[in-house]
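Spelled out, the chains give:
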Amino acid sequence: MVEKGIFMMIVADPDTSAVIGNRCYWILQPKGTTVPSVVLSVVATNDLYSTTGCTGLREMVLQMDSYASDAYSAAGLSRSLRLLWENYTGNLPDADATQVIATFISKDWMMPFEAGGKGFIYRNLLQVRMHYYDTELPVSTPSNPVAIIDGGTGNGNDTGINTEATVDGGTT
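What counts, and at which threshold
Residues numbered from 1 in each chain as written. Predicted model: local features only at pLDDT ≥ 70, side-chain atom pairs only at ≥ 80, totals over all residues. Heavy atoms only, no water. Buried < 20%, exposed > 50% of the residue type's maximum accessible area, 1.4 Å probe, protein only. Helix = DSSP H or I, 4+ residues; strand = E, 2+ residues; numbered from the N terminus. Pairing = 2+ DSSP bridges.

Engineer: Help me get a handle on the pairing of strand E3 (residues 53-68), residues and values and all.
Structural biologist: Counting buried residues in E3 gives 15 out of 16 residues, a clear majority hidden from the surface. As paired elements, strand E2 (residues 37-50) and E3 share twelve bridges and run antiparallel to each other. Paired with alanine 44 across the two strands is valine 61, which belongs to E3. Linkage of E2 to E3, two consecutive antiparallel strands, is achieved through a turn of two residues. Bridge analysis of E3 against strand E7 (residues 119-133) gives twelve bridges, and the strand direction is antiparallel. Of the residues in E7, the one forming a bridge with glutamate 59 is histidine 131.

Engineer: Quick rundown of the environment of isoleucine 121? Include the residues and the values.
Structural biologist: Positionally, isoleucine 121 belongs in strand E7. Sequence spacing of isoleucine 121 and valine 35 is 86 residues, and the spatial spacing of their C-alpha atoms is 8.3 Å.

So, in structure tokens, the structure goes:
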């Protein structure tokens, strides 16, 4: 699972983990979390298709928010994440060894401070576009035609091996 692999990469990175320890969370950090910390969220995903259907290649827009008690620390933490993910290719350490074929930094913002319980918290936003092969996505092949998305109608007008797919609402 790609999300687990992303988390594992971040907490295993010596530069990042030296700053945050294990304070890396998906979507929401627990109330009262000590900073510095990182919050991850998937902003969007997109499956990529060819003329024969789903390729198994996905694009993910990943947001990484770096929180710290001062602007310089938030920027430094965000920079260590940027160095980890910029131009990254390879297999993630998740159980599926998800293959990442490209990463691109699309945003690197110093955000306005936020009011915290005892002062202010500073946040930097880093957005990464990641292209990877999703091992859980059915891929169109001649031996797996059920994964082929052909937009067929099921009325006998379909031709070739691109016949009804369970993913397109087909009737056959």
